[in-house]
Amino acid sequence: MYGAKTLEIERDTQERTNVELADAHCHLDMVDANAIASSKAYGVSVMITNGGSMKANMETLRIADGKHVFAAIGMGPEEAVNAGEEEVEFSLGLVRKNKGRIVGVGEVGLDYKIADSFERVALQKTVLERFIDIAAELGIPISIHSRNAMDDLLKLLEEKKAEKVHLHFFEGDVAQAKTAASRGYFISVPPIESSKRNRAIKEIPIEQLMAESDSPAAGALPKDVEKSVMIIAKAKGIDYARAAEITTANTKRFFNIGRQNLMRMH
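This one's a predicted model, so the numbers in the text were calculated from it and none came from an experiment. (Residues numbered from 1 in each chain as written. Predicted model: local features only at pLDDT ≥ 70, side-chain atom pairs only at ≥ 80, totals over all residues. Heavy atoms only, no water.)

Draft legend 1. Here's a closer look at the sheet that holds strand β7 (residues 186–189). On the basis of which strands lie adjacent, the open sheet formed by eight strands has the order β1-β2-β3-β4-β5-β6-β7-β8 and parallel pairing. The open sheet terminates on both sides in strands that have one partner only, identified here as β1 (21–26) and β8 (209–211). Strand-to-strand, the axes of this sheet are offset by a mean angle of 25 degrees, without reference to chain direction. In the sheet, β7 pairs with β8 via three bridges, with the strands oriented parallel. Along β8, the bridge assignment pairs S188 with M210. On the sheet, helix α6 (residues 118–138) packs against β3 (69–75), β4 (102–111) and β5 (142–147) and is oriented at approximately 160 degrees with respect to β4. (Pairing = 2+ DSSP bridges. Helix = DSSP H or I, 4+ residues; strand = E, 2+ residues; numbered from the N terminus. Axes fitted to C-alpha atoms, helices over the stretch in contact; angles between N-to-C directions. Contact = heavy atoms within 4.5 Å.)

Put into structure tokens, the structure is as follows:
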């Protein structure tokens, strides 16, 4: 026999699965087609899948359907420290060639856990600058990874006068969050709660927040983005459905996903 608590849990689950969700950052080249289909059935209507290497970029372009799955391609910081000029040029050319098929550049970034020398840091920064330039040239957003590098990243973005910036899996503190928000950057929240990130979320206007699964690295599947929405809802003191509505709208707006976008891609 169902108790009151069981009914409450079932009702809450039903309400969650009846709202539209958007995953601002995932890697669908690393999951199978069933994971995408099950997430779509769960209510994830928008999934921004990111490349980061030549192989991942090509697979990302193959997966994107322009209806629910949208591609961003770039060169991640792990690739950047090992890439030769030919590989960088190929990836930049791929971005330019596929301007009409992608919704952003990504992922790119700085990762000082990987860049453990001045030379490797310099390589990451040089590659990132070139992708910032091409994103600005084409007028499309850029999705950026940062680990142990937020101060340097914010300084570089200011120097480059970057505008359409998405800081994925935000690692910053309150002061860095305020700086990012004051510049109009968008920040996405992964399905992993931390007190540091919760404090930062509270300081960012909800109009600049997105939810991400970063699957399969953080969440197992894109539908795990619901955990990110729960974190945002809790931090902002609003209900889950409202947080889902706002973050989904923010993701569509930031990546220019709508009727005009879909017409362009087909």
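Draft legend 2. Quick peek at the nonpolar core. If you look at the biggest cluster of nonpolar residues, it comprises 68 residues, and the most contacted ones within it are V105, F131, I142, L157 and L167. Among the elements that make up this core, the one with the highest residue count is α6 (seven residues). Residues contacting V105, with those up to four places away along its chain left out, are A72, I73, V95, F131, I134, A135, I140, P141, I142 and S143. In this structure, A24, I48, A72 and F254 belong to the second largest nonpolar core, which totals 12 residues. (Core = buried A, V, L, I, M, F, W, Y, C linked by side-chain atoms within 4.5 Å. Buried < 20%, exposed > 50% of the residue type's maximum accessible area, 1.4 Å probe, protein only.)

Draft legend 3. Up close: the pairing of β5. Here β5 lies mainly inside the structure; five of its six residues are buried. When β5 meets strand β6 (residues 165–167), the two strands line up parallel, connected through three bridges. If you follow I142 over to β6, its bridge partner there is V165. Once the chain exits β5 it traverses helix α7 (residues 150–159) before rejoining the sheet at β6, and the crossover so formed is right-handed. (Right-handed = clockwise from strand over helix to strand, strands pointing away.)

Draft legend 4. Quick look at the packing of aromatic side chains. Inspection of the entire model under this criterion finds two aromatic pairs. With 4.8 Å between their ring centres and 40 degrees between their planes, F186 and F254 make a pair best called tilted. Of the two residues, F186 sits in strand β7 while F254 sits in helix α11 (residues 240–254), which places them 68 residues apart along the sequence. Of the two residues, F186 and F254, neither departs from the other in class, the shared state being buried. When the centroid spacing of 4.9 Å and the interplanar angle of 85 degrees are considered together, the rings of F254 and F255 count as edge-to-face. Per residue, the accessibility class of F254 equals that of F255, and both read buried. Members of the aromatic cluster, each reached through a chain of ring pairs, are F186, F254 and F255. (Phe/Tyr/Trp six-rings, centres within 6.5 Å; stacked < 30°, edge-to-face > 60°.)

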